[in-house]
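As a plain string of letters, each chain reads:
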Amino acid sequence: DTAVSQTPKYLVTQMGNDKSIKCEQNLGHDTMYWYKQDSKKFLKIMFSYNNKELIINETVPNRFSPKSPDKAHLNLHINSLELGDSAVYFCASSQESGARAGGYTFGSGTRLTVV
Amino acid sequence: DQQVKQNSPSLSVQEGRISILNCDYTNSMFDYFLWYKKYPAEGPTFLISISSIKDKNEDGRFTVFLNKSAKHLSLHIVPSQPGDSAVYFCAANGYALNFGKGTSLLVTP
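Owing to the predicted nature of the structure, the values given are computational and were not obtained by experimental measurement.

What counts, and at which threshold
Along each chain, residues carry numbers from 1 onward, in the same order as the chain's sequence is written. Chains carry letters and ligands carry numbers; both start at the beginning, A for chains and 1 for ligands, and go up in the order they are written. Note on the predicted model: pLDDT of at least 70 is required for a residue's local features to be given, and 80 or more for side-chain atom pairs to be given and counted; whole-chain, interface and lining totals, by contrast, use all residues. Excluded from the side-chain calculations are hydrogens and water; all other atoms, namely the structure's heavy atoms, are used. Under the scheme used here, helices are H or I runs from DSSP no shorter than 4 residues and strands are E runs no shorter than 2 residues, and both carry numbers assigned from the N terminus. Atoms considered for the radius of gyration are the C-alpha atoms alone. The globule rule reads 2.2 Å times the number of residues to the power 0.38. Cavity and pocket criteria rest on a 1 Å grid covering protein atoms alone: a 1.4 Å probe that fits but cannot get out defines a cavity, protein on both sides within 12 Å along at least 5 of 7 lines defines an open pocket, and an atom within 4 Å of a point defines a lining residue. Grid points are joined across faces, edges and corners, and a volume is the space filled by probe spheres set on the points. Each residue gets one of three labels, nonpolar for Ala, Val, Leu, Ile, Met, Phe, Trp, Tyr, Cys and Pro, charged for Asp, Glu, Lys and Arg, and polar for the others, Gly among them. Between buried and exposed lies partly exposed: a residue is buried under 20% and exposed over 50% of the maximum accessible area for its type, with that area taken using a 1.4 Å probe on protein chains only. Should any heavy atoms of two residues lie within 4.5 Å, those residues are counted as being in contact. Within 6.5 Å between ring centres, the rings of Phe, Tyr and Trp (the latter by its six-membered ring) count as paired, and their orientation is classed by plane angle as stacked under 30 degrees, edge-to-face over 60, tilted in between.

**Remarks on the overall build of chain B**
Okay, so step 1: Helix and strand counts for chain B come out as 0 helices and 11 strands.
Okay, so step 2: Across chain B, helices and strands are ordered from the amino to the carboxyl terminus as β-β-β-β-β-β-β-β-β-β-β.
Okay, so step 3: Against the 2.2 N^0.38 benchmark of 13 Å for 109 residues, chain B shows a C-alpha radius of gyration of 13 Å, consistent with a compact globule.
Okay, so step 4: Projected onto the principal axes, the alpha-carbon positions of chain B cover approximately 40 × 30 × 20 Å.

Written out as structure tokens, the structure is:
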């Protein structure tokens, strides 16, 4: 039974389109995150929600909008996709914001390719 | 500005020998440091962590050492096994996890 699941696993789309990536966790965690791994393999935080409330919003274009309908779900919607948005997007969750010793539980990633 | 740095993109070690992966950080306010392991097409999985008030934490074959004065930590894997071949990310806990760029470890038979 997958702890953090993301859909879809692969997404190929044309420039200018709007797309969404869904994430669900069944661990009962309070905090969820979106990370982006770019072509240089650098994992960078994008957003963090704690119990449906946005707590971290890094310098991300307004075209990216996270939505958390409940604390088990954190979806990522991207408008007007650009070539530079191509990356692997990882969803993660943790028991509490910051997750000191225990770390985060990551999903398997969504590889987004914009053509 | 990258606050966690892994300067070795790759490392190759023979099976049974020790693997040492290094990590440097710049922010002295980090209170926890973590290592993650990542296989292709999977998400990173938590491996081991260390509090900033300790200098060593051990879990089976994995040991993490922290040198606060040098702002340096390392992960030792002894003995290394072929199944350890993966990308290892160092991370530090600020308001969110800050990751290094990873080191790809290859353990050869």
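Don't stop here, the text continues.
**A few points about the layout of surface pockets**
To find leftover empty space, a probe the size of one water molecule is rolled over the atoms.
Okay, so step 1: Here the largest pocket defines a volume of roughly 410 Å³.
Okay, so step 2: Along its surface, the largest pocket is lined by 25 residues, and A:Gln37, A:Lys41, B:Lys38, B:Val87 and B:Phe89 are the ones closest to its centre.
Okay, so step 3: Contributions of two or more residues to the lining of the largest pocket are made by strand S9 (87–94) and strand S11 (110–114) of chain A together with strand S9 (86–93) and strand S11 (103–108) of chain B.
Okay, so step 4: A class-by-class count of the residues in the lining of the largest pocket yields 9 nonpolar, 9 polar and 7 charged.
Okay, so step 5: Taken as a whole, the second largest pocket spans an internal volume of roughly 250 Å³.
Okay, so step 6: Forming the boundary of the second largest pocket are 13 residues, of which A:Phe42, A:Lys44, B:Asp1, B:Gln3 and B:Asn98 lie nearest the centre.
Okay, so step 7: Contributing elements (two or more residues each) for the lining of the second largest pocket: strand S5 (43–50) of chain A together with strand S10 (97–99) of chain B.
Okay, so step 8: Here the lining of the second largest pocket is built from residues that sort into 7 nonpolar, 3 polar and 3 charged.

**A closer look at the environment of B:Leu73**
Residue and element names in this part refer to chain B.
Okay, so step 1: Inspection of the secondary structure assignment puts Leu-73 in strand S8 (residues 72–77).
Okay, so step 2: For Leu-73, a relative accessible area of 0% corresponds to the buried category.
Okay, so step 3: C-alpha of Leu-73 to C-alpha of Leu-34: the two residues are 39 residues apart in sequence and 9.7 Å apart in space.
Okay, so step 4: Leu-73 has contacts with Leu-21, Asn-22, Cys-23, Tyr-25, Phe-33, Trp-35, Val-64, Phe-65, Leu-66 and Cys-90, leaving out every residue within four places of it along the chain.

**Some thoughts on the packing of aromatic side chains**
For any pair of aromatic rings, the description rests on two quantities: the centre-to-centre distance and the angle between the ring planes.
Okay, so step 1: Applying the stated criterion across every chain, the model contains 15 aromatic pairs over all chains.
Okay, so step 2: Between A:Phe90 and A:Phe106 the ring centres are 6.4 Å apart and the planes differ by 85°, which places this aromatic pair in the edge-to-face class. Note that A:Phe90 is positioned in strand S9 and A:Phe106 in strand S10 (residues 105–106), a separation of 16 residues in sequence. The exposure classification of A:Phe90 matches that of A:Phe106, with both residues buried.
Okay, so step 3: Between B:Phe30 and B:Phe33, the aromatic rings sit 6.2 Å apart at their centres with planes inclined by 85°, giving edge-to-face as the arrangement. B:Phe33 matches B:Phe30 in its accessibility class, with the two residues each being buried.
Okay, so step 4: Here the aromatic residues A:Tyr33, A:Tyr35, A:Phe90, A:Tyr104, A:Phe106, B:Tyr36, B:Phe46, B:Phe89 and B:Phe99 are joined through ring pairs into a cluster of three or more.

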